[in-house]
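Notes for the structure review
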Amino acid sequence: MFALNEAGHAGFGSPLLIGPLLVGLLLLIGFVRREQRTISPLIDLGLFRNAVFVAGNAAGLLSYAMLFGAFFVLPFVLERAYGDSSLTAGLRLSVIPVALGLVAPLSGALYDRLGARLLTVSGMVAALVGLMALSVALETGRLTLATAALALFGIGQGLFTAPNNSAIMASAAAEQSGQAGGVLFVMRSLGMSLGISLASVILAWQLPVLPGHPQATLGIPAQVLIQGAVASFIVFAALAGAAALLCFVRTERGTPRTVQ
């Protein structure tokens, strides 16, 4: 059955975790071997020998992971720990896409003049600061500061996304642009899944198993939910730092092709 830790959570030895990981690894190996042998591969694996392409996609995956992980965690803590209504929590969360949407066109235009490194590194540093400020705000109950932190996080994502996507596309040869765009969107989808999965795992490990309650956010003390959210945002801040490092060390090359 399941390997449980002292708190009663399914541990890393659980077949439900190890089984899908092994199946996924085998499928990935099979896919790569198939692509290497076929005359017309779905993806030119030579793209992954391009350090700029790989670094950009890895940074993009991390950025989407922290973005969608934050969207997953915040409603729990805002509504169940701080008593926000669904409308109020939704309006507070809308600060992120509004800030992102306002800044992204500007950063896309600046990419042609400044290149990707300055904009993407600045964006991820801003996201990191925003996430750390959000952690402090939630821990101290300062929701006005939390809203400002969400705006800074959205600005950071807006600074990062368009220049990073453009740098990825510019690093690929013209005949590889379709495949490069496909990989970029796959990384976006994987980032969404990774962020939500990571956030749910961190949150679940913070939740105690209470007598008479299933392991769920219902009936869990507000302070425990806050601790889980803070732990999640600290991890996301670490992801932002890793993404900033990837953007800083990559070498820019290629003709700018702005992609929103």
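Analysis parameters
Residues numbered from 1 in each chain as written. Predicted model: local features only at pLDDT ≥ 70, side-chain atom pairs only at ≥ 80, totals over all residues. Heavy atoms only, no water. Helix = DSSP H or I, 4+ residues; strand = E, 2+ residues; numbered from the N terminus. Buried < 20%, exposed > 50% of the residue type's maximum accessible area, 1.4 Å probe, protein only. Contact = heavy atoms within 4.5 Å. Areas by Shrake-Rupley, 256 points an atom, 1.4 Å probe, with all protein chains shown as cover. Axes fitted to C-alpha atoms, helices over the stretch in contact; angles between N-to-C directions. Parallel < 35°, antiparallel > 145°, perpendicular 65-115°, else oblique. Nonpolar A, V, L, I, M, F, W, Y, C, P; charged D, E, K, R; others polar. 1 Å grid on protein atoms, 1.4 Å probe; cavity = no way out; pocket = protein on both sides within 12 Å on 5 of 7 lines; lining within 4 Å. Points joined across faces, edges and corners; volume = space filled by probe spheres on them. Core = buried A, V, L, I, M, F, W, Y, C linked by side-chain atoms within 4.5 Å. pLDDT = per-residue confidence, 0-100. Phe/Tyr/Trp six-rings, centres within 6.5 Å; stacked < 30°, edge-to-face > 60°. Lys NZ or Arg CZ within 6 Å of the ring centre and 35° of its normal. Arc of directions from axis to C-beta. Expected span 1.5 Å × (residues − 1). Bend = angle between axes of the 7 residues up to and from the residue.

Counting secondary structure elements, the protein contains eight helices and zero strands. Going from the N terminus to the C terminus, the protein shows its helices and strands as α-α-α-α-α-α-α-α. For the protein, the residues scored as buried account for 42% of the 260 residues in total. Restricting the contact set of the protein to residue pairs at least 6 apart, pairs at least 24 apart contribute 77%. Surface summary for the protein: the accessible area is close to 12,900 Å², and the carbon and sulfur share equals 70%.

With their axes 8 Å apart at the nearest point, helix H4 (residues 95-114) and helix H5 (residues 116-140) run at an angle of 135 degrees to one another. Judged by the angle between their axes, H4 and H5 are oblique. In this structure, H4 uses Ser107, Leu110, Tyr111 and Leu114 to contact H5, whose residues at the interface are Ala116, Leu118 and Leu119. In terms of residue class, the contact of H4 with H5 is built from six nonpolar, one polar and no charged.

Per the counting criterion, the structure on display carries one cavity of 30 Å³ or more. If you go around the largest cavity, the residues you meet are Gly56, Asn57, Gly60, Tyr64, Asn164, Asn165, Ile168, Leu184 and Met187. Those elements that provide at least two residues to the lining of the largest cavity are helix H2 (51-81), helix H6 (143-171) and helix H7 (177-206). Looking at which element gives the most residues to the lining of the largest cavity, the answer is H2, with four residues. Its residues placed into classes, the lining of the largest cavity shows four nonpolar, five polar and no charged.

This brings us to the nonpolar core. Counting residues in each nonpolar core, the largest one holds 51 residues, and the members touching the most others are Met66, Leu74, Val77, Leu134, Leu138, Phe153 and Phe233. Elements that contribute at least two residues to this core include exactly H2, helix H3 (86-93), H4, H5, H6, H7 and helix H8 (222-249). In terms of residue count, H2 provides more of this core than any other element does, 13 residues in total. Apart from residues no more than four positions distant in its own chain, Leu134 is found in contact with Leu74, Ala146, Ala149, Leu150 and Phe233. Core analysis: the second largest hydrophobic core is formed by seven residues, Ala116, Leu119, Leu159 and Ala170 among them.

Okay, the confidence of the model for the protein next. Note that predicted coordinates carrying low pLDDT should not be read in detail. Model confidence for the protein is summarised by a mean pLDDT of 83, while 85% of its residues fall at 70 or above. In the model, residues 1-10 has pLDDT below 50 throughout and makes 20 contacts with residues more than four positions away in sequence or in other chains. This model gives residues 254-258 a pLDDT under 50, and the stretch forms 15 contacts once residues within four places in sequence are excluded.

In the structure shown here, the tally under the stated rule is four aromatic pairs. A cation sits over an aromatic face here: Arg117 above Phe248, 5.9 Å from the ring centre.

Our next topic: H3. Side chains that are three or four residues apart share a direction in an α-helix, a result of its 3.6 residues per turn. Within H3, the full set of buried residues consists of Ala89, Arg92 and Leu93. Seen along its axis, H3 keeps its buried residues to an arc of 95 degrees; they face one direction. Turned more than 90 degrees away from the buried face of H3 sit Leu87 and Leu91, all of them exposed. Buried-residue contacts for H3 involve H2, H4 and H6.

Reported here for the second largest pocket is a volume of approximately 170 Å³. Taken together, Leu28, Phe31, Val32, Ile43, Leu45, Phe48, Val183, Val186 and Met187 form the lining of the second largest pocket. Elements with a contribution of two residues or more to the lining of the second largest pocket: helix H1 (15-37) and H7.

To continue, consider H4. Helix length check: H4 (20 residues) gives 27 Å between terminal C-alpha atoms against 28 Å at 1.5 Å per residue, within 8%. At Val103, H4 is deflected by roughly 30 degrees, the largest bend along its length, and proline Pro105 occurs up to four residues later in sequence. As for H4, its buried residues are in contact with H2, H3, H5 and H6. A positive phi of about 80 degrees marks Gly115, the residue just after H4.

To continue, consider the environment of Val183. By the secondary structure assignment, Val183 is in helix H7. Among the residues examined, Val183 registers a relative accessible area of 4% and is labelled buried. Along the chain, Val183 and Asn57 lie 126 residues apart, while their C-alpha atoms are 8.0 Å from each other. Val183 has contacts with Ile43, Phe48, Phe53 and Asn57, leaving out every residue within four places of it along the chain.

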